[in-house]
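# Report on the structure
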Amino acid sequence: MKNGKKGQDARGLGGYLTVYMALTLTVMISLCLVLIQGGRRHTAAFEAECVMDIGLDSVLAEYHRVLLERYGLLMVDTSYGTDYPSYYNTERHLSEYLSRNFRYEDCLSLPFLYRDLLGLELEDVQLLKVSLATDHEGRVFQRRAAECMRSRLGLELVDRLLGWMEIVEGYGLLEEDVEEQLDRVSEELRQYDGMERQIGEEEWIKVEISDPTETVRTLRKEGILKWVVEDVGNLSETVIDPGQYISGRIAKGEVNHGNFPIQEELDPAENIFLLEYFLDFAGRYGNPREGSLLQYQVEYLLCGSSGDRENLRRTANLLCGIRQAANVIYLLGDAAKRGEVEMAAAVLSGAVALPELQPVFETALILAWAYLESLYDVRTLLAGGRVELLKTDAGWHYSLANIWSPPADGREEKGEGLCYEDYLRILLYVQSPDVLAMRFMDLMEMDIRLTPGNSHFRMDGCMDSLEAEAVIYSGYGFSFTIKREKGY
């Protein structure tokens, strides 16, 4: 009996173990399958994110080489060498990179030994946002250009330029229209010229005014370049069609636009770095840049005319305006020269028996004297010399007697003060950064189009950053939507 009972107990215990093991294995297998599926899902998600990052990096690695080599900027040309830039070109490139990175056949020497346990495939990809160089009045380009120069320049340049601007703004050198004053004084003197004046009971004379501004008017009619450039015949005669370039296309509404948030304006220090970028990467009179269509590029930034010669002429007039205002300030503050002017004005007014004209003659003499000295200053600057913002006795060249004849040849080879490039810095500083940026991008387009394979290059096709969304599907029944933003 005892042995039988033991056998029954053993059979019963075996039954319990079988049920227990079955239940345990079911739970364990289910747990393992869940873990495997969870591991598969998380691994697939991680791979999808990695492939998305790699794809975007690959897109950004297709930067325009000429743009980098010539202007130090990293941007993607969305035309990819075709006639027209388009976001769809970039989407197609990104789609190709993502698809290839989900395929393992290319990187396995024996693909038949490998089974893809993730089964990931690209279902869809699209660009949600792009940032173009020309967006928001060119501020995307402005910020990248300023960053390019920030690493190369220190704050010493900022302090120096701000110091010059304190003098320019403090004395109003850019506000005074000396030539308008000169025209007004000349017109006032002409009103007396030829009039009949009674000097006795029956004696009349015809007033003949010796106008100190006559020589100046003659010089201005002949054009400033004749008096400030050594060889006018060798000046560049290049003329462009502005409508072909970005500033002209913007006026016609024929540009691409990105959709990233509006960027803020540059702060004063960044603006100075931007100006240095312009001066560093653009040619100018006396220092043209090789491979450029326009020879006087900084002058184009300032004036925006279609021809080299006209831009140089207008720039020379701007320089002459600064120098006239500064020279008038010097003459008014120098007691000796002011005495010469008063004596000469007294003689001129006395000669026509019109003492009331003495103040008018004084003004005319000062303005004419300052103008001739200004021509000398501009000729010195264009020849590579230097001119102080505010002159001293040692830096003055013309005598009062010179105002009755055309200026003689001559210039200061070295001297002290600011050079031509420094005066360009001052003139650029007071211009709108947005306008300067658009004109500089004109220069970029016209010069890059001269290089092989870039005849249709456009700055409104140059992408700085992008945001993309990809839908990635797995053959094991799940999918991912990944959104990423990347830029330089």
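Residues numbered from 1 in each chain as written. Predicted model: local features only at pLDDT ≥ 70, side-chain atom pairs only at ≥ 80, totals over all residues. Heavy atoms only, no water.

## Let's talk about the side chain of Glu276
Defined as follows: For the purposes of this entry, the term helix denotes a DSSP run of H or I that reaches at least four residues, the term strand denotes a run of E that reaches at least two, and both are numbered from the N terminus. Per-residue accessibility, obtained with a 1.4 Å probe over protein chains only, is compared with the maximum for each type, and a residue is labelled buried under 20%, exposed over 50%, and partly exposed between these values. Note on contacts: a residue pair is in contact if any heavy atoms of the two residues lie within 4.5 Å.
Looking at the secondary structure, you find Glu276 in helix α10 (residues 268-281). On the accessibility criterion, Glu276 (7% relative accessible area) is buried. When near neighbours in sequence (up to four residues on either side) are disregarded, Glu276 contacts Met149, Leu153, Leu157 and Arg425.

## Quick notes on the pairing of strand β6 (residues 479-487)
Let me state the cut-off plainly: When DSSP finds two or more bridges between a pair of strands, those strands are recorded as paired.
Of the pairings in the sheet, the one linking strand β5 (residues 462-474) to β6 comprises nine bridges and is antiparallel in character. When the sheet's bridge partners are listed, Leu466 is paired in β6 with Lys486. Between the end of β5 and the start of β6, which pair antiparallel, lie four residues, with Gly477 showing a positive phi angle near 100°.

## Here we look at helix α14 (residues 358-382)
In an α-helix, one full turn covers 3.6 residues, which means residues spaced three or four apart are oriented alike. Going by this rule: For a helix, the expected span equals 1.5 Å multiplied by the number of residues minus one.
When the terminal C-alpha atoms of α14 are compared, their 36 Å separation across 25 residues agrees well with the 36 Å that a helix rising 1.5 Å per residue should span. Taken across its 25 residues, α14 has 22 buried, putting it largely inside the fold.

## Digging into the pairing of β5
When you tally the buried positions in β5, you get ten out of 13 residues, the bulk of the element. Here strand β1 (residues 76-77) pairs with β5 via two bridges, running antiparallel. Looking across to β5, one finds that Val76 is bridged to Met463. As defined by bridge partners, strand β2 (residues 120-132) adjoins β5 across eleven bridges and the pair is classed as antiparallel. Opposite Asp124, over in β5, you have Val471 as the bridge partner.

## So, the packing of aromatic side chains
Selection rule: In this scheme Phe, Tyr and Trp rings, the latter by its six-membered ring, pair at centre separations within 6.5 Å, and the angle between planes marks the pair as stacked below 30 degrees, edge-to-face above 60, and tilted otherwise.
Scanning the model with the defined rule gives 13 aromatic pairs in all. A ring pair is formed by Tyr71 and Phe281, whose centres lie 6.3 Å apart and whose planes are at 40°; its orientation type is tilted. With Tyr71 in helix α2 (residues 65-71) and Phe281 in helix α10, this pair connects stretches of sequence that are 210 residues apart. For Tyr71, a relative accessible area of 1% gives the class buried.

## Thoughts on the packing of helix α5 (residues 155-170) against α10
Two quantities define a packed helix pair, namely the angle between the axes and the distance from one axis to the other. Here is the rule: Helix axes are fitted only over the stretch in contact, all axes being lines through C-alpha atoms; the angle between N-to-C directions runs from 0 to 180 degrees. The cut-offs work like this: below 35 degrees is roughly parallel, past 145 is roughly antiparallel, 65 to 115 is roughly perpendicular, and the gaps in between are oblique. Three classes are used, and their members are as follows: Ala, Val, Leu, Ile, Met, Phe, Trp, Tyr, Cys and Pro are nonpolar, Asp, Glu, Lys and Arg are charged, and the others, Gly among them, are polar.
The N-to-C vectors of α5 and α10 enclose an angle of 95°; their axes lie 10 Å apart at closest approach. As the angle between them shows, α5 and α10 are arranged roughly perpendicular. Residues Leu155, Leu157, Val158, Leu161 and Leu162 of α5 lie in contact with α10, whose contacting residues are Ile272, Phe273, Leu275 and Glu276. Here the contact of α5 with α10 is composed, by residue class, of eight nonpolar, no polar and one charged.

## As for helix α6 (residues 178-190)
Our working definition: Comment: arc refers to directions from the helix axis out to C-beta atoms. Here a polar contact is taken to be a pair of N or O atoms separated by no more than 3.5 Å, where protein atoms must pair a possible hydrogen donor with a possible acceptor and residues adjacent in sequence count only if both atoms sit in side chains.
For α6, spanning 13 residues, the distance from its first C-alpha to its last is 18 Å, which sits close to the expected 18 Å at 1.5 Å a residue. Along α6, the residues classified as buried are Val178, Leu182, Val185, Ser186 and Leu189. Across the axial projection of α6, the buried residues extend over an arc of 100°, all falling on one side. Tucked into the core, α6 has its buried residues touching α7 (214-222), α12 (308-333) and α14. Two or three places before Glu180, at the opening of α6, Asp177 has a side-chain oxygen 3.1 Å from that residue's backbone nitrogen.

## Focus on the environment of Tyr488
Mapped onto the elements of the fold, Tyr488 is located in the segment after β6. Along the chain, Tyr488 and Tyr63 lie 425 residues apart, while their C-alpha atoms are 9.9 Å from each other. Those residues within four positions of Tyr488 in sequence are excluded, and the remaining contacts are Leu60, Ala61, Tyr63, Leu74, Met75, Val76, Arg144, Met463 and Asp464.

## Focus: the pattern of salt bridges
Note the cut-off: Each salt bridge in this description consists of a side-chain nitrogen of Lys or Arg and a carboxyl oxygen of Asp or Glu lying within 4 Å of one another.
Scanning all chains against the criterion turns up 30 salt bridges. The network of salt bridges with shared partners includes Glu276, Arg284, Arg386, Glu421, Asp422 and Arg425.

## Concerning the nonpolar core
Short version of the rule: We define the nonpolar core as a collection of buried residues of types Ala, Val, Leu, Ile, Met, Phe, Trp, Tyr and Cys that are connected through side-chain atoms lying within 4.5 Å of one another.
In terms of nonpolar packing, the biggest core is built from 110 residues, with Leu67, Phe141, Tyr277 and Phe440 touching the most fellow members. Here the element with the most residues in this core is α14; it accounts for 16 residues. When near neighbours in sequence (up to four residues on either side) are disregarded, Phe141 contacts Leu73, Met75, Ala133, Tyr277, Phe278, Ala437, Phe440, Met441 and Met444. Of all hydrophobic cores here, the second largest spans 25 residues; its members include Leu98, Phe102, Leu466 and Phe478.

## Let's talk about the state of the cysteines
Rule in force here: The disulfide definition used here is simple: a pair of cysteine sulfur atoms within 2.5 Å.
Tallying each qualifying case throughout the model produces zero disulfides. As a non-bridged cysteine, Cys303 has Cys320 as the owner of its nearest cysteine sulfur, 14 Å distant. Here Cys320 falls in the buried class, since its relative accessible area comes to 0%.

## Topic: the layout of surface pockets
Here is the rule: The pocket and cavity definitions rest on a 1 Å grid over protein atoms only: a 1.4 Å probe that fits but cannot leave marks a cavity, an open set with protein on both sides within 12 Å along at least five of seven lines marks a pocket, and residues lining either have an atom within 4 Å of a point. Grid points are joined across faces, edges and corners, and a volume is the space filled by probe spheres set on the points.
In this structure, the largest pocket encloses a volume near 240 Å³. Every residue lining the largest pocket is counted, 15 residues in all, and those nearest its centre are Leu174, Asn317, Leu318, Gly321 and Ile322. Going through the elements one at a time, α6 and α12 are the ones with two or more residues in the lining of the largest pocket. Top element by residues in the lining of the largest pocket is α12. It accounts for six residues. Classifying every residue of the lining of the largest pocket by side-chain character gives seven nonpolar, four polar and four charged.

## What about unusual backbone geometry?
The residue Tyr80 is not glycine, and still its phi comes out positive at about 50°. Tracing the chain through its elements places Tyr80 in the loop between β1 and α3 (87-101). One non-glycine residue, His136, lies in the positive phi region at around 55°.

## Some thoughts on the side chain of Thr380
Considering the arrangement of structural elements, one finds Thr380 in helix α14. The exposure class of Thr380 is buried, given its relative accessible area of 1%. In this structure the side chain of Thr380 is engaged in a polar contact, spanning 3.0 Å, whose partner is the backbone oxygen of Tyr376.

## A word on a nonpolar patch on the surface
Quick note on the threshold: Within the patch definition used here, like charges are joined within 9 Å and nonpolar side chains (Val, Leu, Ile, Met, Phe, Trp, Tyr) within 5 Å, considering only residues with over 30% relative accessible area and no salt bridge. For the accessible areas, the method is Shrake-Rupley and the probe is 1.4 Å, while residue cover comes only from the protein chains on display.
A contiguous nonpolar patch, built from Tyr20, Met21, Leu25, Ile29, Leu33 and Ile36 and spanning about 620 Å² of accessible area, is present on the exposed surface. Relative to the helices and strands, Leu25 is located in helix α1 (residues 2-60).

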